[in-house]
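Notes for the structure review
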Amino acid sequence: MNPGKILVMSDSHGTAAYALQAIEREKPFDLLVHLGDVQGHDQEIQKAAVSPCYFVRGNCDYDGNLPTFTVFQIGTHKVYAAHGHRNHVSFGTENLEMCAMQYGCDIAMYGHTHVPDLREKEKITVLNPGSISLPRQTNPRRSYVVMTIDQKTGKIDYELKFL
C-alpha cells in the first residue's frame, strides 16, 4: 500500500462521535488506523472513513475478531500497530519497540495511555495519537495524528491534531 495521508486514532471508548468528527475534518485520506478500545464502533467508523482501515483490540474491546496487533506496509515503511496494554506501555515502550523490530518494522504505533507520544529514534519511530475521546495529558484535549507521506521521497511527516 502506498498511501499519501493516514489518519491514526485510539481509545474512542464506545463514543464514536469524536472519531467521526476527526474523520469528517480530515477527509479525504487513504488509510485509517484505530489502535484499540473502539468498543463495538469499528463498523460505524469504517463506514464513515470510506477508506481501508486497520483496527486492533484494546483492553476494553471484547470483540474476538479484532487482532491483538497487526503489521502492514505503507510505502517503504513497515508498521507494527498494537493497543499496547500487552506490551506494558504504561511502564515504557521498550517491549513494544522490541516486538516491532522483531517483525522488521520501523514504525511502532500504540494507544492505551491516552497520552500523545511521538519519538523518532535511530531505528524506529514510536507513535501514540493520544485519545480521541478521553485524553489524560496535562492539557487534556482530544487528539489524533495525521501522517503525510511524500510519494517521491517516502518521507513521513507527523502532525498531532486536536478536536
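This text gives an overview of the structure that appears in the document. Everything numeric here is computed off the predicted structure, so don't read it as measured data. (Residues numbered from 1 in each chain as written. Predicted model: local features only at pLDDT ≥ 70, side-chain atom pairs only at ≥ 80, totals over all residues. Heavy atoms only, no water.)

Strand pairing in a sheet takes place through backbone hydrogen bonds and is either antiparallel or parallel in direction. The five strands are arranged β3-β2-β1-β9-β10 in an open sheet whose pairing can be described as mixed. The open sheet has two free edges, formed respectively by β3 (53-55) and β10 (156-162), since each of these has just one partner strand. Here the strands of the sheet are splayed against their neighbours by 15 degrees on average, with no regard to which way each runs. As defined by bridge partners, strand β2 (residues 31-34) adjoins β3 across three bridges and the pair is classed as parallel. Within the sheet, the bridge partner assigned to His 34 lies in β3 and is Phe 55. Along the sheet, helix α1 (residues 16-26) contacts β1 (5-9), β2, β9 (143-149) and β10; its crossing angle with β1, the most-contacted strand, is approximately 165 degrees. (Pairing = 2+ DSSP bridges. Helix = DSSP H or I, 4+ residues; strand = E, 2+ residues; numbered from the N terminus. Axes fitted to C-alpha atoms, helices over the stretch in contact; angles between N-to-C directions. Contact = heavy atoms within 4.5 Å.)

On to the pattern of salt bridges. Overall, the coordinates contain seven salt bridges when judged by the stated rule. Here Glu 26 and Lys 5 are joined by a salt bridge, their closest N and O atoms 3.3 Å apart. Residue Glu 26 is located in helix α1, and its partner Lys 5 is located in strand β1; the two are separated by 21 residues in the primary sequence. Looking at Glu 26, the relative accessible area reads 3%, which means it is buried. A salt bridge links Glu 97 to Arg 119; the shortest N-O distance between them is 4.0 Å. Note that Glu 97 is positioned in helix α3 (residues 94-102) and Arg 119 in strand β7 (residues 117-120), a separation of 22 residues in sequence. Looking at Arg 119, the relative accessible area reads 29%, which means it is partly exposed. (Salt bridge = Lys/Arg side-chain N within 4 Å of Asp/Glu carboxyl O. Buried < 20%, exposed > 50% of the residue type's maximum accessible area, 1.4 Å probe, protein only.)

Scope: geometric values only; no functional claims are made or implied.
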